[in-house]
Amino acid sequence: MKADAAKGGAGTLKKRLTRDWNMNKWKYVMILPVLVYLALFCYKPMYGLIIAFKDYKITRGIQGSSWANPWYKWFVNFITDPYFPRVIKNTFLLSGLTIIFSFPAPILLALLINEVRNRTFKKTVQTITYMPYFISMVVLCAMVKIFCMQDGLFGQIAGYFGGTAENYLVNPSYFRIIYVVSDIWQKIGWDSIIYLAALSAIDQEQYEAARVDGANRFKQMLHITLPGLLPTIMILFILRMGNILNVGYEKILLLYNASTYDVADVISTYTYRLSFPTSGTPMYSKSTAIGLFNTLVNVVFLLITNAISKKSTESSLF
């Protein structure tokens, strides 16, 4: 009986798969390049994670390198590293400031653009705010450096209002402000696109009903627009929390200097210096261990934020 049931189940599954293939074969062909890309560049490199548990030597390769003793050697090495408190503090501070100030900025911009009735003005604002996103990171950081020089734009503005002009990127007190403001400037327009798309999906009959009931524009935004945006906001917030330790090292590498290491050095820049030191031997095992530690912490934050969001707003990734 069980054998017959198993054969029947296998036959049913085969028929379902055959029918599904016949209906959707061209869709599978279309996604095949994406699957190949993911396999080669996302999953295959994960094999290299075992370097975190080995005393890796580039001349011996991954298989030829000996296992670390104990296996958690490089994790302990990182935690006991004198730079550990600094990079952890700076990473959480920069990421936290970005979430507090940079994450809500595109939401606010999308709400403001949504309230504009002049199409020409709306399109102009959107185009201007999108432009910085398409500037190369190297060019953008070069512009920030020029603006922050003693005789640059910010220095001239400070002098005009009676302040003291200086090279702001050399002053540790200004680095985090410059990083967050430049991040908002670069991404606010591009990140607002998804919120504008979500706004366009809100049922317009709700606004008509609210106007009939006497609700003004502010109350319509408060009771219709924001609740309509909430699921999108929460999904993007969960994804952002899942990358809380992934502070953009490219911008920091291009902007920081020896005088701002204490406030600018984060996990990613520290890992970069370990892998590509100006002097000494690259510490690939330690940098891989740090990367794995970074990923595990991000996953924990992702799961916690997702659980809280699911319980409080019923919006979640899974």
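Residue positions are given per chain, counting from 1 as you read along its sequence in written order. Predicted model: local features are reported for residues with pLDDT of at least 70 only, side-chain atom pairs are reported and counted for 80 or more only, and whole-chain, interface and lining totals are derived from all residues. Hydrogen atoms and water are omitted, and side-chain values are computed over all heavy atoms in the structure.

A. Structural context of the overall build of the protein. Numbering of helices and strands starts at the N terminus; helices are DSSP runs of H or I of at least 4 residues and strands are runs of E of at least 2. Check the secondary structure of the protein and you find 15 helices and two strands. Restricting the calculation to C-alpha atoms gives the radius of gyration, and the globule rule supplies 2.2 Å times the number of residues raised to the power 0.38. Relative to the globule expectation of 20 Å for 318 residues, the C-alpha radius of gyration of the protein, 26 Å, shows a markedly less compact shape. C-alpha extents for the protein along the principal axes are approximately 90 × 70 × 35 Å. Out of the 318 residues belonging to the protein, those deemed buried represent 34%. The Shrake-Rupley method, run with a 1.4 Å probe, gives the accessible areas here. Residue values count only the displayed protein chains as cover. Total accessible area on the protein is roughly 20,000 Å²; 67% of this is exposed by carbon and sulfur atoms. Three exposure classes are used, based on accessible area relative to the maximum for each residue type with a 1.4 Å probe and protein chains only: buried under 20%, partly exposed in between, and exposed over 50%.

B. Layout of the packing of aromatic side chains. Centres within 6.5 Å are what make two rings of Phe, Tyr or Trp a pair, Trp counting through its six-membered ring; a difference in plane orientation under 30 degrees is then read as stacked, over 60 as edge-to-face, and the rest as tilted. This model, assessed by the stated rule, comprises 20 aromatic pairs. A centroid spacing of 5.9 Å and a plane angle of 40° characterise the contact between Phe53 and Trp71, whose relative ring orientation is tilted. Taken together, the positions of Phe53 in the loop between helix H1 (2-43) and strand E1 (54-55) and Trp71 in the loop between strand E2 (66-67) and helix H3 (73-79) put the pair 18 residues apart, joining distant regions of the chain. We classify Phe53 as partly exposed; its relative accessible area is 22%. For the pair Trp71 and Tyr72, a centre-to-centre distance of 5.3 Å together with 90° between the ring planes defines the contact as edge-to-face. Judged by relative accessible area, which is 54%, Trp71 ranks as exposed. Given a relative accessible area of 40%, Tyr72 falls into the partly exposed group.

C. Local environment of the packing of helix H9 (residues 172-200) against helix H11 (residues 217-241). Where H9 meets H11, the axes come as close as 9 Å, and the angle between the chain directions of the two elements is 140°. Here H9 is positioned oblique relative to H11, judged by the angle of their axes. H11 is crossed by H9, and the crossing has right-handed handedness. The residues of H11 that touch H9, namely those facing Ile194, Tyr195, Ala198 and Leu199, are Thr225, Leu229, Thr232, Ile233 and Leu236. Axis geometry follows a simple rule: fit a line to the C-alpha atoms, using only the stretch in contact for helices, then measure angles between N-to-C directions, giving values from 0 to 180 degrees. Throughout this description, any angle smaller than 35 degrees is read as roughly parallel, any larger than 145 degrees as roughly antiparallel, any in the 65 to 115 degree range as roughly perpendicular, and the remainder as oblique. Take the far helix as the reference: if the near one is turned anticlockwise from it by less than a right angle, the crossing is left-handed, and if turned clockwise, right-handed. The contact definition used throughout considers only heavy atoms, calling two residues in contact when any of these lie within 4.5 Å.

D. Focus on the pattern of salt bridges. Salt bridges are defined by distance alone: a side-chain nitrogen of Lys or Arg within 4 Å of a carboxyl oxygen of Asp or Glu. Summed over the entire model, instances satisfying the criterion amount to eight salt bridges. Here Lys187 and Asp183 are joined by a salt bridge, their closest N and O atoms 3.3 Å apart. In this pair, Lys187 and Asp183 are both assigned in helix H9, four residues apart and thus about one turn of the helix distant. Put simply, Asp183 and Lys251 hold a salt bridge, and the shortest N to O gap is 4.0 Å. With Asp183 in helix H9 and Lys251 in helix H12 (residues 249-255), this residue pair connects regions lying 68 residues apart in the sequence. With relative accessibility at 5%, the residue Asp183 sits in the buried group.

E. Main features of the packing of helix H14 (residues 267-275) against helix H15 (residues 284-312). The interhelical angle for the contact between H14 and H15, taken along N-to-C directions, is 160°, at an axis separation of 8 Å. Considered as vectors, H14 and H15 are oriented roughly antiparallel to each other. In this structure, the crossing between H14 and H15 has a hand that is left-handed. Residues Ile267, Tyr270, Thr271, Leu274 and Ser275 of H14 form the contact with H15, whose own contacting residues are Tyr284, Lys286, Ser287, Ile290 and Asn294. Each residue belonging to the contact of H14 with H15 can be placed in one class, and the counts come to five nonpolar, four polar and one charged. Polarity classes work like this: nonpolar for Ala, Val, Leu, Ile, Met, Phe, Trp, Tyr, Cys and Pro, charged for Asp, Glu, Lys and Arg, and polar for all others, with Gly in that last group.

In short, shape yes, function no, at least from these values alone.
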